[in-house]
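Residues per chain are reported as follows:
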Amino acid sequence: MQIVFGIDFGTTNSALSVFRNGTVEMLTVDGSDRAGELMRSVLFFNEDNEIFAGQEAIRQYVSDGADGRFMQSIKTFLPNTSFDSTEIFGKRYGIDDLVAIILRKIKARGEEHVGCPVDSVVLGRPVVFSTDPDKDAVAEQRLEKAARKAGFKNIWFQYEPVAAAMAYEDSLEAGQERIVFIGDFGGGTSDFSVIRVKGGDFSRSNRRSDVLSLGGVYVAGDKFDSQVMWDKVACHFGRHARYKAMGKDEWVNVPRSIIYTLCQWHRIPMLRARKTREHIRLIKETTDSRQAIENLENIISDNYGFFLFQAIEKAKCELSERDHSLISFVERDLRVSERIGKVEFETLNADNFQQIADCIDDVITRSGLLPTQIDTVFLTGGTSRIPHIRMLFAERFGQDKLENRDAFTSVAHGLGSSVPLFV
Ligand SMILES: Nc1ncnc2c1ncn2[C@@H]1O[C@H](COP(=O)(O)OP(=O)(O)OP(=O)(O)O)[C@@H](O)[C@H]1O
Ligand SMILES: [Mg+2]
C-alpha cells in the first residue's frame, strides 16, 4: 500500500495531509493542537549554524533577538532569478536549500505520525509563480529540487486552486455535480479556477478536462501589509524626510527605493548592504527628520521588521471583523500608534483590489461561462476573510453562492485528495 503526502508549502503557512488506504487525513506539523495543523513558513539561523523552522524559529528569534538571521516569505523568492543563494554566517544556501529545510521538517513530522518513511509527495503550486514563463519554470524546478533534497523521490505538482476544489468536492454527496469558482487568497498569491466537481467520484484519472480556466495574481496578504506600511507607518522611517545631498543646497527626498524595500518585509535584510547603510548615514547628517532616519537605521540593524509587520498584520486582520483598528508598536525610541479604518484600508488598497477584480473577471471570461452558469463560489486562504474580497464575489455572483470555510487547510487536504490522479 502506498502512502503519499500532500504538502501545501505556503508563503505564510504550510500544511500537511496524508493519503493512505484510500482516505485523506490532515496531520499536525508544528505542535499537537489544532493550530499545529499549520507551520509558519519561516526559518531562523543562529550564529552557531543551528537552523530552526516554524514556531521554534519564532521562539529562538524572540530570545536571540538580532543575533541571527530570520527569514520569511521564502516562497516569494522562488521565481526571482536574480536571487539564487544567500550567505548566512559564512555558509551559502541556495533558495532550494532554504525550502528543503522546511520540507524536510514537515516530512519528518509526517513520518512520525504514520510510523514509516514516505518518499512520495504531491506539492501545491500557485497558478502563476511569475507571468514570465521562464521564471515560472525556474520556480517550479527549484521547488522540485528542494523536495528532492528533502528526501522525496516521487514528486508531483497540483495547482493550489485545483487542490482547493478537490477539498470542496470531498464535501459533496455522491453524484452531486457543480461548477465552482475557486478563489484561494494567501499571503503571496491569489489563485483562481473555474472547475467542474462531482461528489463521490474520487478516482477519475484526468481532471484536466474539468478545469475550465485558471489564473492568478501576485497580490495577496503580504501586498496589503506592504501597502499599509507604505501609507501609515513608513513616515516613521523617513518616507517624508528630506536631506541635503553632499555639497548641494536644495532639499531632496530619501530615495524611494529604500522606503520601497522597507515596505516589503521579507526584503528588509537587503538594506544591510554596506553602500545602502553608508548612504543612510550621510542622509542622517543633514536631514530634517533625524529621529525617523535613526529609526530606519535601527530597523535595519536590529532586524525588528518581523514584529513591526506582525503589528500591521494584526491590525489588518482585525479590520476583517471591525470598522477600526490600531497599529500599535513600540521599540527603543520608536512609538507607532496609528488608527486605521476599514474604508481607509480599502481606499489605500484600491489598486490591489482592482488587480484582483480584473483577474477574477478574466478567469470567468476564459471559462466561457456567464456568472449565472457558475453554481458555487468557494473561497479559501487567510486573505479570503477580508470583507471587501468577499464583496467582489457577492457583486458578481450574488451573496447566496458564496461558501467560505477551512481557510487554512483546504489546499493541503485537496493535495491529499489529488493523489489518485498521479499514482
Ligand atoms: N482574518 C484575516 N483577515 C485578513 N487577512 C488574514 C486573516 N487571517 C489571515 N490573513 C492573512 O492570510 C495570509 C495567510 O494566508 P494563507 O495561510 O492562506 O497563505 P499561504 O498559503 O501561506 O500563502 P500562498 O498561498 O500565497 O502561498 C496572511 O497574509 C495573513 O495576514
Ligand atoms: Mg496558500
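Residues numbered from 1 in each chain as written. Chains lettered and ligands numbered in written order. Predicted model: local features only at pLDDT ≥ 70, side-chain atom pairs only at ≥ 80, totals over all residues.

### Structural notes on the sheet that holds strand 14 (residues 211-217)
Right, so step 1: Strand order in this open sheet of five strands is 14-13-12-19-20, and the pairing throughout is mixed. Of all strands in the sheet, those bounded by a partner on one side alone are strand 14 and strand 20 (402-404). Across the sheet, the axes of successive neighbouring strands diverge by a mean angle of 20 degrees, strand direction being ignored.
Right, so step 2: Those strands touched by helix 4 (residues 160-170) are strand 12 (177-185), strand 13 (190-198), strand 14 and strand 19 (376-380), and its axis lies near 40 degrees from that of strand 13.
Right, so step 3: Most of the contacts of helix 11 (residues 350-367) go to strand 14, to which it runs at about 165 degrees, and overall it touches strand 13 and strand 14. (Pairing = 2+ DSSP bridges. Helix = DSSP H or I, 4+ residues; strand = E, 2+ residues; numbered from the N terminus. Axes fitted to C-alpha atoms, helices over the stretch in contact; angles between N-to-C directions. Contact = placed C-beta atoms within 7 Å.)

### Here we look at the pairing of strand 2 (residues 13-20)
Each regular strand carries side chains that alternate between the two faces of the sheet.
Right, so step 1: The element strand 2 is largely enclosed, with a buried count of seven among its eight residues.
Right, so step 2: As defined by bridge partners, strand 1 (residues 4-9) adjoins strand 2 across six bridges and the pair is classed as antiparallel. Residue pairing in the sheet places Ile-7 in a bridge with Leu-16 of strand 2.
Right, so step 3: The loop that links strand 1 with its antiparallel partner strand 2 comprises three residues.
Right, so step 4: Bridge analysis of strand 2 against strand 4 (residues 39-40) gives two bridges, and the strand direction is antiparallel. Across the sheet, the residue bridging to Ser-14 is Met-39, located in strand 4.
Right, so step 5: Pairing between strand 2 and strand 3 (residues 23-27): five bridges, direction antiparallel. Paired with Arg-20 across the bridge in strand 3 is Thr-23.
Right, so step 6: Between strand 2 and strand 3, which follow one another and run antiparallel, lie two residues, and Asn-21 among them has a positive phi close to 50 degrees. (Buried ≥ 20, exposed ≤ 12 C-beta atoms within 10 Å, placed from the backbone.)

### Some points on helix 1 (residues 54-64)
Right, so step 1: Where helix 1 is concerned, the buried positions are Gly-54, Ala-57 and Tyr-61. For helix 1, the angular spread of buried residues about the axis comes to 35 degrees, placing them on one side. Away from its buried face, by an angle of more than 90 degrees, helix 1 presents the exposed residues Arg-59, Val-62 and Ser-63. (Arc of directions from axis to C-beta.)

### A word on the environment of Gln-72
Right, so step 1: By the element assignment, Gln-72 lies in the loop between strand 7 (68-71) and strand 8 (85-88).
Right, so step 2: Overall, Gln-72 belongs to the buried group, with 23 C-beta atoms counted inside 10 Å.
Right, so step 3: Once the C-alpha coordinates of Gln-72 and Arg-267 are considered, the two residues, 195 residues apart in sequence, prove to be 9.2 Å apart.
Right, so step 4: Apart from residues lying up to four places away in sequence, Gln-72 is in contact with Val-42, Trp-265, His-266 and Phe-306.

### What about the nonpolar core?
Right, so step 1: Judged by nonpolar contacts, the single largest core of 82 residues is most densely connected at Ile-7, Leu-43, Val-99, Leu-103 and Ala-165.
Right, so step 2: A total of eight residues in this core trace back to one element, the largest contributor, which is helix 2 (residues 95-114).
Right, so step 3: Counting 32 residues, the second largest nonpolar core, distinct from the first, contains Ile-268, Phe-309, Ile-327 and Phe-345. (Core = buried A, V, L, I, M, F, W, Y, C linked by C-beta atoms within 7 Å.)

### A look at the site of ligand 1
Right, so step 1: Inspection of the region around ligand 1 gives 22 residues, with Gly-10, Thr-12, Gly-186, Gly-221 and Gly-382 positioned closest.
Right, so step 2: Within the residue set of the shell around ligand 1, elements represented by two or more residues are helix 5 (221-233) and helix 9 (305-318).
Right, so step 3: The biggest single contributor to the shell around ligand 1 is helix 9, with three residues.
Right, so step 4: Across the shell around ligand 1, the residue classes break down as four nonpolar, 13 polar and five charged. (Near = placed C-beta within 6 Å. Nonpolar A, V, L, I, M, F, W, Y, C, P; charged D, E, K, R; others polar.)

### Focus: unusual backbone geometry
Right, so step 1: Unlike most non-glycine residues, Asn-49 shows phi in positive territory, near 65 degrees.
Right, so step 2: Relative to the helices and strands, Asn-49 resides in the loop between strand 5 (43-46) and strand 6 (51-53).
Right, so step 3: With a phi angle near 50 degrees, Ser-73 is a residue other than glycine that sits in the positive phi range.

### Remarks on helix 3 (residues 133-149)
Right, so step 1: End to end, helix 3 covers 24 Å across 17 residues, agreeing with the expected 24 Å (1.5 Å per residue, within 8%).
Right, so step 2: When we look at burial in helix 3, the residues that qualify are Ala-139, Arg-142, Leu-143, Ala-146 and Ala-147. Down the axis of helix 3, the buried set is contained in an arc of 140 degrees. They therefore lie on one face. Every exposed residue of helix 3 that faces more than 90 degrees away from the buried side is listed here: Pro-133, Asp-134 and Gln-141.
Right, so step 3: The elements touched by buried residues of helix 3 are helix 2, strand 10 (120-125) and strand 11 (154-159).
Right, so step 4: Within two residues after helix 3, Gly-151 carries a phi angle of roughly 110 degrees, on the positive side. (Expected span 1.5 Å × (residues − 1).)

### Re the sheet that holds strand 5
Right, so step 1: The antiparallel open sheet is built from three strands, whose spatial order is 6-5-7. Every other strand in the sheet has two partners, leaving strand 6 and strand 7 as the edge strands with one partner each. When the angles between neighbouring strand axes are averaged without regard to direction, this sheet yields 15 degrees.
Right, so step 2: Packed onto the sheet, helix 2 meets strand 5, strand 6 and strand 7 and runs at close to 60 degrees relative to strand 6.

### Re the domain arrangement of the protein chain
Right, so step 1: By domain assignment, the protein chain separates into domain 1 (4-175 + 406-422) and domain 2 (222-348).
Right, so step 2: Taking the mean C-alpha position of each, domain 1 and domain 2 sit 30 Å from one another.
Right, so step 3: Each partner contributes to the interface: domain 1 provides six residues, whereas domain 2 provides six residues.
Right, so step 4: Grouping the constituent residues of the side of domain 1 that touches domain 2 by class yields two nonpolar, four polar and no charged. (Domains from an automatic or database assignment.)

### Some thoughts on the packing of helix 5 against helix 9
Right, so step 1: Across the interface, helix 5 lies against helix 9 with an axial gap of 10 Å and an inter-helix angle of 105 degrees. Put simply, helix 5 runs roughly perpendicular to helix 9. Residues Phe-224, Asp-225, Val-228, Met-229 and Val-233 of helix 5 lie in contact with helix 9, whose contacting residues are Phe-309, Ile-312, Glu-313 and Lys-316.
Right, so step 2: Along the lines of polarity and charge, the residues of the contact of helix 5 with helix 9 split into six nonpolar, no polar and three charged. (Parallel < 35°, antiparallel > 145°, perpendicular 65-115°, else oblique.)

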